[in-house]
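# Breakdown of the fold
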Amino acid sequence: MRDLTILGTASQVPTRTRNHNGYLLRWDGEGFLFDPGEGTQRQMIHAGIPTSQITRICLTHVHGDHCFGLPGVLSRMALDGVAHPIHLHYPLSGEDVVRALVSVSSPGIDLRLRPHGGSGTVAEGLDVRPLKHRIETYGYRLVEPDGRTLLPERLAAAGISGPAIGRLQHEGSLAGVRLDDVSIPRPGQRFAFVMDTAPCEGAEELADGVDLLVAESTFSDDDGGLARQYRHLTAGQAGELAAGAAARTLVLTHFSSRYGEDAAPLAVQARARAADTDVIAAQDLQRVPMPRRRRWPGHGVTAPERSTAPERTALPGHAIPRAGEVTDELINGRTSDGDRVNP
């Protein structure tokens, strides 16, 4: 299962229909909670998402609308008896704020603090890049390695079945049959999360070639001066970012309350500069599926398939398997074990 649930879409000031930020990406056996703003715990209830689905929490920066929901989420996880480790990623400069937020949450979960202070890999498949905001801010990029898709008809023609298929995948060849002979390339899927930033190289690197790009669009193109002053993107700049990166689907969010409840005009501005990218103006409790997997040219599909229309129904809650441990990189002199708090 790979999909994104929008828990909140407001920027600094929530509205009657827009909660503060919050985004839950389900990625196979992992659940990535990005920027849990105030009220995230309640939004998860509305969306039917149990806290047991969270395995990693990723903060772009420590402005309140991106992190004030953290104590509530952690406390609910303790109440729910979540047993697996929770990895909390955040900018190193936000250490004092993060520790203060953690200190007022209920104890009882295995929380691992994972601060980062520069570009790099912070977990298996998860990278960060610096953005350009008023305080230290990082975006996140999740990448699945490329693989291969087995073709049943070729396996049958080669006389390979049952446990022999696993041996072929593991060893690369079996009885004169190569894995490449009975499979086709399978591009890995890619996701990027770009919050509060002015246009910058880091945002471009994060968005490059992704299937799903979540990007802030705090201001209308008509308020470009405010966007420059406060180091945010306009809707048109978000569309331009997606087009330049050849992203397949762009989810606009983090809307200023000055535009009321209707983000459709911002979507129009983004589409005008987004080229072939699909553009979605996010709404609270909306579910956005990952676009269907790309196919390599020359393997029966001449163009990438587009995503289906996103659903607005809440997700049925169900627990995910316990996440396996991953080996984190050594980052800025800190060990991959991180700090353990609330044991």
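You'll find the structure just up there.
Residues numbered from 1 in each chain as written. Predicted model: local features only at pLDDT ≥ 70, side-chain atom pairs only at ≥ 80, totals over all residues. Heavy atoms only, no water.

## A short note on the pairing of strand S8 (residues 126-130)
Selection criterion: What makes two strands pair is DSSP finding at least two bridges between them. Helix and strand assignments follow DSSP, with helices taken as H or I runs no shorter than four residues and strands as E runs no shorter than two, numbered in order from the N terminus.
Examined bridge by bridge, strand S7 (residues 120-123) and S8 share three bridges and lie antiparallel to one another. Each bridged residue has a counterpart across the sheet, and for Gly-120 the counterpart in S8 is Val-128. Hairpin connection of S7 to S8: two residues between the antiparallel strands, including Gly-125 at a positive phi of 80°. Where S8 meets strand S9 (residues 138-143), five bridges bridge the pair, whose relative direction is antiparallel. For Arg-129, the partnering residue across the bridge sits in S9 and is Gly-139.

## Quick word on the side chain of Arg-112
Under the convention used in this document: Nitrogen and oxygen atoms within 3.5 Å of one another constitute a polar contact, given that in protein one can donate a hydrogen and the other can accept it, and given that sequence-neighbouring residues count only through two side-chain atoms.
Position of Arg-112 relative to the elements: it lies in strand S6 (residues 111-116). Here Asp-110 takes part through its side chain, which lies 2.8 Å from a polar atom of the side chain of Arg-112.

## Focus on helix H1 (residues 40-47)
Test applied: Only protein chains enter the calculation, and the probe is 1.4 Å; a residue is then buried if its accessible area is under 20% of its type maximum, exposed if over 50%, and partly exposed in between. It is the directions from the helix axis to the C-beta atoms that the arc portrays. Every residue pair with non-hydrogen atoms within 4.5 Å of one another is taken to be in contact.
Those residues of H1 that sit buried are Thr-40, Gln-43, Met-44 and Ala-47. Looking straight down H1, one finds its buried side chains confined to an arc of 105°; they lie on one side. Set apart from the buried face of H1 by more than 90 degrees, the exposed residues are Arg-42 and Ile-45. Elements in contact with the buried residues of H1: strand S1 (2-8), strand S2 (22-27), strand S3 (30-34) and helix H2 (70-79). Of the residues trailing H1, Gly-48 is marked for its positive phi of about 75°.

## A look at the environment of Tyr-138
Within the secondary structure, Tyr-138 sits in strand S9. Considering only alpha carbons, one finds Tyr-138 and Pro-91, 47 residues apart in sequence, at a separation of 7.0 Å.

## A few points about the packing of aromatic side chains
This is how it is decided: Classification of ring pairs uses Phe, Tyr and Trp, with its six-membered ring standing for Trp, and accepts pairs whose centres are within 6.5 Å; under 30 degrees between planes counts as stacked, over 60 as edge-to-face, and the remaining range as tilted. Remark: a charge is flagged as sitting over a ring if the NZ atom of Lys or the CZ atom of Arg is within 6 Å of the ring centre and within 35 degrees of the ring normal.
Per the stated rule, a full pass over the model turns up five aromatic pairs. Over the face of the ring belonging to Trp-27 we find Arg-2, whose NZ or CZ atom lies 4.1 Å from the ring centre.

## Things to note about the sheet that holds strand S15 (residues 212-216)
Under the convention used in this document: Helix axes are fitted to C-alpha atoms over the stretch in contact, other axes to C-alpha atoms as well, and angles between N-to-C directions run from 0 to 180 degrees.
Taken together, seven strands build an open sheet; the order of strands is S7-S8-S9-S14-S15-S16-S17 and the sheet is mixed. What marks the edges here is a single partner per strand, and that holds for S7 and strand S17 (278-281). Taking the axes of each pair of neighbouring strands and ignoring which way they run, one obtains an average angle of 20° across the sheet.

## Quick notes on the pairing of strand S16 (residues 249-253)
Across a regular strand the side chains alternate sides, sitting on one face of the sheet and then on the other. For clarity, the cut-off: With the strands pointing away from the viewer, any crossover whose connection runs clockwise from the first strand over the helix to the second is right-handed.
Most of S16 is tucked away, with five of its five residues classed as buried. Relative to S17, S16 is paired through four bridges, and the arrangement is parallel. Looking across to S17, one finds that Val-251 is bridged to Ile-280. On the question of chirality, the crossover connecting S16 to the parallel S17 by way of helix H9 (residues 264-271) is right-handed.

## A short note on helix H3 (residues 95-103)
Residues of H3 that are buried include every one of Glu-95, Val-98, Leu-101 and Val-102, and no others. In a view along the axis of H3, the buried residues occupy a sector of 135°, so they form one face of it. H3 presents Asp-96 and Ser-103 as exposed residues on the side facing more than 90 degrees away from its buried surface.

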